[in-house]
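Each chain is listed here by its residues.
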Amino acid sequence: MAPVSDPSSFSSLSKCATKHLNLIYHVDFDRHVLKGKVALTVEVLEDKFASLVQFSFGSSKLSLCFGQHVIVEIEYETSPSATALQWLTPKQTAGKKHPYLFSQCQAIHCRTMVPCQDTPSVKHTYYAQVSVPRDLVALMSALHDGQEPDPNDSNRVIYRFRQPVPMPSYLIAIVVGALESREIGPRSRVWSEKEYVDEAAFEFSETETMLKTAESLAGPYVWGQYDLLVLPPSFPYGGMENPCLTFVTPTVLAGDRSLAGVIAHEISHSWTGNLVTNRTWEHSWLNEGHTVYIERMIARSMESEQLRQFEGIGGWKELQESVKEFGPNNVLTNLVTNLHEVDTDEAFSFVPYEKGFALLYHLEELMGGPEVFMGFVKSYIQLFAYGSVTTEEWKNYLFTYFKDKVRNNSLLDWNGWMHTPGMPPVKPQYDTTMADACTALCQRWVKAKEEDLASFTEADVKKLNSPQLIEFMALLLQEEPLPLSHVKKMQEVYQLNSVKNTEVRFRWLRICVRAHWEEAIPLALKMATEQGRMKFTRPLFREVYNFSKYSDEAVKTFKEHRAALHPVTSMLVAKDLKIDG
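Residues numbered from 1 in each chain as written. Predicted model: local features only at pLDDT ≥ 70, side-chain atom pairs only at ≥ 80, totals over all residues. Heavy atoms only, no water.

- An unreviewed UniProt entry lists the protein chain under the name Leukotriene A4 hydrolase, from Cyprinus carpio.
- What UniProt records for the protein chain under Sequence similarities (unreviewed entry) is the sentence "Belongs to the peptidase M1 family."
- Word for word, the UniProt comment on the protein chain under Subcellular location (unreviewed entry) is "Cytoplasm". (UniProt positions renumbered as here; feature names shortened; annotations may be inferred.)

**Considerations on the packing of helix α2 (residues 207-218) against helix α4 (residues 284-302)**
- Between α2 and α4, the least distance of the axes is 10 Å, while the angle of their chain directions is 110°. With respect to α4, the element α2 is oriented roughly perpendicular. Between α2 and α4 the crossing geometry is right-handed. Every residue of α4 that contacts α2 at T209, M210, T213, A214 and L217 is listed here: I294, M297, I298, S301 and M302.
- Within the contact of α2 with α4, the residues separate by chemical class into 7 nonpolar, 3 polar and no charged. (Axes fitted to C-alpha atoms, helices over the stretch in contact; angles between N-to-C directions. Helix = DSSP H or I, 4+ residues; strand = E, 2+ residues; numbered from the N terminus. Parallel < 35°, antiparallel > 145°, perpendicular 65-115°, else oblique. Left-handed = near helix turned anticlockwise from the far one by under 90°. Contact = heavy atoms within 4.5 Å. Nonpolar A, V, L, I, M, F, W, Y, C, P; charged D, E, K, R; others polar.)

**Points about the side chain of S181**
- Examined against the element boundaries, S181 turns out to sit in strand β13 (residues 179-185).
- Here the side chain of S181 touches R189 through a polar contact of 2.9 Å, side chain to side chain.
- Beyond its immediate sequence surroundings of up to four residues, S181 is in contact with R189, V190, W191 and V197. (Polar contact = N/O pair within 3.5 Å; in protein donor to acceptor, adjacent residues only side chain to side chain.)

**Considering the pairing of strand β8 (residues 124-133)**
- With 7 of its 10 residues buried, β8 lies for the most part within the structure.
- In terms of strand pairing, strand β1 (residues 16-28) meets β8 through 7 bridges, oriented parallel. If you follow L21 over to β8, its bridge partner there is Y126.
- Sheet topology note: the β8/strand β11 (residues 156-167) ladder contains 9 bridges and is antiparallel. Within β11, the position partnered with P133 by the bridge is R156. (Buried < 20%, exposed > 50% of the residue type's maximum accessible area, 1.4 Å probe, protein only. Pairing = 2+ DSSP bridges.)

Written out as structure tokens, the structure reads:
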């Protein structure tokens, strides 16, 4: 393995490596802290090694001196403002009776929850014991290993967990709440508050089929259990691939294709991300680009090649929007980024997902099609399983695997793809069969004069399925804002205000705000605050803020709801709205 330098971590990566964590947690809802003890089993990698530097608890450095081979024990307590943790009051939950805790460690927040080597290049197993109030249930990104009354407090229960597969610290996860579960497959349960659990069990009924499809593509699933947890609405992401327990936003419980995409994506991470991991976050496209590629191969196997092509078109649009948001010359739109002095949360975008997928799809076109290229991806996973990898190592293996087809470096413009900001140097050729109807309807609206508006009818959208309706909206968002008369007519004939699908509703409200339809402002701000998924919350706040008449209203609404948002979401929306300096 190449020497490690991780600009997002202060831990001593070349000197030692954590092999195992033994965690003991006491969850204190009154003080919003985890009181804990951790024993780190550390392997020394240098002969004259004298100290271990762990970066933990925000910005303090902890140095410990010792000899050659040790177990380091640390007793500690997290801060109430630890960015890995969100503590919810009972009124922020569905049940309204009990508090709730969940973690989100990716990319570099585990340091606020556990003293650890907070880099994806270090992988370790872990064991945990978690004491919680007896009315609540604890879950972790690990296999359940039993439970027992807490011998020190009859009002508490201790849950035990073991994770025998080595994994990076950002995949440590904990949740505590009034949780129930339903079995949805031979190795899967879905967990949530009881108010959501039956709906979730119905929505996630295809999980085992997806798992088997992924195994047929990528190899055996090594994590044992694959459970899903539906979180409260403030969870900031669509999903999080915590091993054995995928975290999912409740915004996908809308009975449409977007849910299947989220679950297929998180399942795919079981191979690319969790089993084979980017060495540092500068190479995050290795996690996300390959995961999107496998996710869309699952769609191809379970649905059709046309759907995979259609999702590729939608992904290209997401990439265009990210590049536009950052600016086409911003180095954070490079596929391989430089994260020195950069906050990884601020660098987060669709770029590694969709620029990464576009590169892999383009290579697929060059190398002989999906079956041939998926063979490479599977082989790459087998070679680097249980370890971490850099872009250079990936590229070298690509050249080795396809040695008969790749004779030199001129296969494609590597610098243009990897180290140049903006859109990729080549746009893949996608089959537009499913997209053509969306494009045609979009253009009808864009070109329509006032006298043409009567020609639009409900039948226009009845022909479109949910992914096509989302694509139609996404196309409109790439155009100049529609006149207000057009948007009002669209509501009249399509009744979009009553659509429950969050992906459709999100785009529709942005179209309304851009057209300066003032009646849409409270609807947009309501959606921005009633859930906290950053994909929806940030753009909705930005759209209202950019409507100058309502800029102050956007700021006021954000400040009123700030305490209920996840710490990372709150920080990024504040920057979007130019608050906090």
